[in-house]
Amino acid sequence: MDAILQQFFNIEIMAKAMPLVLKGLGMTLLICAVVIPLGALGGLAAALGSVSHNRLIRWSAIAFVDLFRALPPLVLLIFIYAGLPFAGIRLSPFAAVTLGFFLNNSAYFAEIFRAGLLSVPVGQTEAARSTGMTATQTLIWVTLPQAVRNVLPDLLSNVVEIVKLTSLASVVSLGEMLHAAGLVRSLTYNASPLVLAGGIYLLLLWPLIRLISHFERRIAS
Amino acid sequence: METVSNRAGTPSTATLSLRALHKSFGTFPVLNGIDLHVQRSEMVFVLGPSGSGKSTMLRCCNRLEEPDSGAIWVEGDLLTGPGVDLNKMRQRIGMVFQSFNLYPHLTALGNVTLALRRVLKMPRAEAEAEAMAALKSVGLSDRARHTPAQLSGGQQQRVAIARALALKPTVMLFDEPTSALDPELVGDVLDVMREVKEQGMTMLVVSHEMQFAREAADRVVFMDGGSIIEQGPPDRFFAAPEQERTRAFLSRMRG
Ligand SMILES: Nc1ncnc2c1ncn2[C@@H]1O[C@H](COP(=O)(O)OP(=O)(O)OP(=O)(O)O)[C@@H](O)[C@H]1O
Ligand SMILES: [Mg+2]
């Protein structure tokens, strides 16, 4: 029992690791702040493409979504960071992470937005168009608000997944939270910094998860 | 009176004109050459068995459905054909749907103001004043802040009528506006439609409310198999239908 406390819940080591882990948290939050809005926008664009009447646009969007949902994000990230330089494209770790997550997140957001768009009855579009609204106005003011509302829990769940996924950035040595915690662990031969990082993820994500349950219940009722 | 107008021979006196309208879904013909002219302030009632093409005809009148051939004019302005500013034309053609199609994420007021603000670009205060006037005309001033989910079916349909009315259209299209309603709520909607007519609106109505047709319609049109079989003033139409198919339909409707 003591050994477990010593190895995983060592307050002293946690306190020492704290500054570095918090710095890592800053990077984690920065990545999220860039990658989540970008991914959501990319996903929305791909979703609109996938329900387009134009066959070329539709097929391109579907191919994009299929490709980046199938490709493991770790592979994608390593390819962008370590593979692209052979093609003369050298990206900083942050740029590589941003691009990799943008592609991966867009694909997942696209599937959710697409389901949302398809969940809005066609009568809504017809009603809006019958009042002289353009297709774009109809999308912005009628279809999209309902689509988002209908898939809000899925959108938020995806955000939770993305926050956890940012730990992959450590493979390109970007100092996000788990990378920082791992560093301290390897220096101290003690897993407590990882537990600390895990605790912070929990604190960060738990309110979001409560919120998702709340929306799920509201939609069910 | 079929006066020649400057635009491709439409009768200039009609508010809504359909000429030789054809429409197929795939190889299945749904409209087989419809000619119909609705005069200013006239209420024309369309009857016909299920699948006879009533909704398709109505939906062609604002091009939610694209006719294969033929032409439609609104106050002498061509609606069909290339180069028509469809969004502009649709402002003049109000439509009321069987399933209301209110925007569930907006209040009654929001439903009515949306097109006023986005299409007519009215400032918010002006749009809300217009919308309140429209809601008042359907007897729902006190429900402006309710969402569709908080309204009865009859109230929802009256909001939908207000939404169309607020744009001050030239003609209003109704596709079975009371078919989705509980019987006790039908009367309120019909009362509103009667009022709209009394204000001088030009109306093309698909509905099975025979009693209402008798009282309020200026003309009844009977469709079957994508064609207009017979039409006339309601007294004559119901009392002495000329066509065998009309008689068969009416006796079926009376049960
Ligand atoms: N989008 C569509 N695609 C294929 N067929 C269609 C479509 N819309 C309507 N139809 C067919 O066209 C025919 C006429 O339909 P329409 O809805 O105009 O009839 P209706 O007279 O309004 O009937 P109801 O009284 O049942 O509403 C029907 O056979 C219908 O199945
Ligand atoms: Mg119909």
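Reading the values: rules and limits
Residues numbered from 1 in each chain as written. Chains lettered and ligands numbered in written order. Predicted model: local features only at pLDDT ≥ 70, side-chain atom pairs only at ≥ 80, totals over all residues. Heavy atoms only, no water. UniProt positions renumbered as here; feature names shortened; annotations may be inferred. Helix = DSSP H or I, 4+ residues; strand = E, 2+ residues; numbered from the N terminus. pLDDT = per-residue confidence, 0-100. Contact = heavy atoms within 4.5 Å. Axes fitted to C-alpha atoms, helices over the stretch in contact; angles between N-to-C directions. Parallel < 35°, antiparallel > 145°, perpendicular 65-115°, else oblique. Left-handed = near helix turned anticlockwise from the far one by under 90°. Nonpolar A, V, L, I, M, F, W, Y, C, P; charged D, E, K, R; others polar. Salt bridge = Lys/Arg side-chain N within 4 Å of Asp/Glu carboxyl O. Buried < 20%, exposed > 50% of the residue type's maximum accessible area, 1.4 Å probe, protein only. Polar contact = N/O pair within 3.5 Å; in protein donor to acceptor, adjacent residues only side chain to side chain. Core = buried A, V, L, I, M, F, W, Y, C linked by side-chain atoms within 4.5 Å. Buried area = accessible area lost by both parts, 1.4 Å probe.

Attention now moves to the UniProt feature "domain: ABC transmembrane type-1" (unreviewed entry) in chain A. Residues annotated in UniProt with the feature "domain: ABC transmembrane type-1" (unreviewed entry) correspond here to residues 25-213 of chain A. Secondary structure content for residues 25-213 of chain A is 81% helix and 0% strand, while the C-alpha to C-alpha distance between its ends is 25 Å.

This brings us to the UniProt feature "domain: ABC transporter" (unreviewed entry) in chain B. What UniProt calls "domain: ABC transporter" (unreviewed entry) maps, in this numbering, to residues 16-250 of chain B. Split by type, residues 16-250 of chain B is 37% helix and 26% strand. Its first and last C-alpha atoms lie 27 Å apart.

Bringing the confidence of the model for chain B into the picture now. All names here are of chain B. Confidence in the prediction of chain B, expressed as mean pLDDT, is 93, and 95% of residues score 70 or more. Low pLDDT (under 50) marks residues 1-7, which in the prediction has 14 contacts with non-local residues, meaning those over four places away or in another chain. Under the prediction, the complex receives an ipTM of 0.93, its pTM being 0.89.

Residue and element names in this part refer to chain B. Across the interface, helix α3 (residues 108-118) lies against helix α4 (residues 124-137) with an axial gap of 9 Å and an inter-helix angle of 125°. Regarding the angle of α3 to α4, the classification is oblique. Considering the relative orientation of α3 and α4, their crossing is right-handed. Where α3 abuts α4, its residues A108, L109, V112, T113, L116 and R117 lie against R124, A127, E128, E130, A131, M132, A134 and L135. Each residue belonging to the contact of α3 with α4 can be placed in one class, and the counts come to nine nonpolar, one polar and four charged.

All names here are of chain B. Tallied over the entire structure, the rule returns 19 salt bridges over all chains. Residues R92 and D77 are paired through a salt bridge, measuring 3.0 Å at the closest nitrogen-oxygen approach. Of this pair, R92 sits in the loop between α2 (86-90) and β6 (93-96) while D77 is found in strand β5 (residues 77-78), placing the two residues 15 residues apart along the sequence. Classification of R92 as partly exposed rests on a relative accessible area of 22%. Ionic pairing is found between E128 and R124, a salt bridge with its closest N-O pair at 3.5 Å. Residue E128 and its partner R124 are both found in helix α4; the two are separated by four residues, about one turn of the helix. On the basis of relative accessibility, which here comes to 22%, the residue E128 falls in the partly exposed class. Taken together, the shared-partner salt bridges in this structure form one network comprising R40, E75, D77 and R92.

Attention shifts here to the side chain of A:T28. Inspection of the secondary structure puts A:T28 in helix α2 (residues 11-50). Reaching out from A:T28, the side chain makes a polar contact with the backbone nitrogen of A:M177 at a distance of 3.0 Å.

Okay, the nonpolar core next. One finds B:L16, B:L47, B:I161 and B:L204 to be the most contacted residues of the largest nonpolar core, which totals 89 residues. If near-sequence neighbours (up to four positions away) are discounted, B:L204 is found in contact with B:L16, B:L36, B:V38, B:V44, B:V46, B:M57, B:L58, B:C61, B:M172, B:L173 and B:F174.

We now examine the interface of chain A and chain B. Taken together, the contact between chain A and chain B spans 17 residues of the former and 21 residues of the latter. Around 1700 Å² of area is buried between chain A and chain B when both sides are counted, 56% of it from carbon and sulfur atoms. Looking at the side of chain A facing chain B, the largest losses of area belong to A:S130, A:T131 and A:W141, adding up to 31% of the total buried there. Taken together, the connections running from chain A to chain B amount to one salt bridge. In this structure, A:E126 engages B:R59 in a salt bridge whose closest nitrogen and oxygen atoms are separated by 2.8 Å. Sorting the residues of the side of chain A that touches chain B by element identifies α6 (122-130) and α7 (135-150) of chain A as the ones contributing at least two each. Looking at which element gives the most residues to the side of chain A that touches chain B, the answer is α6(A), with seven residues. Across the side of chain A that touches chain B, the residue classes break down as six nonpolar, eight polar and three charged.

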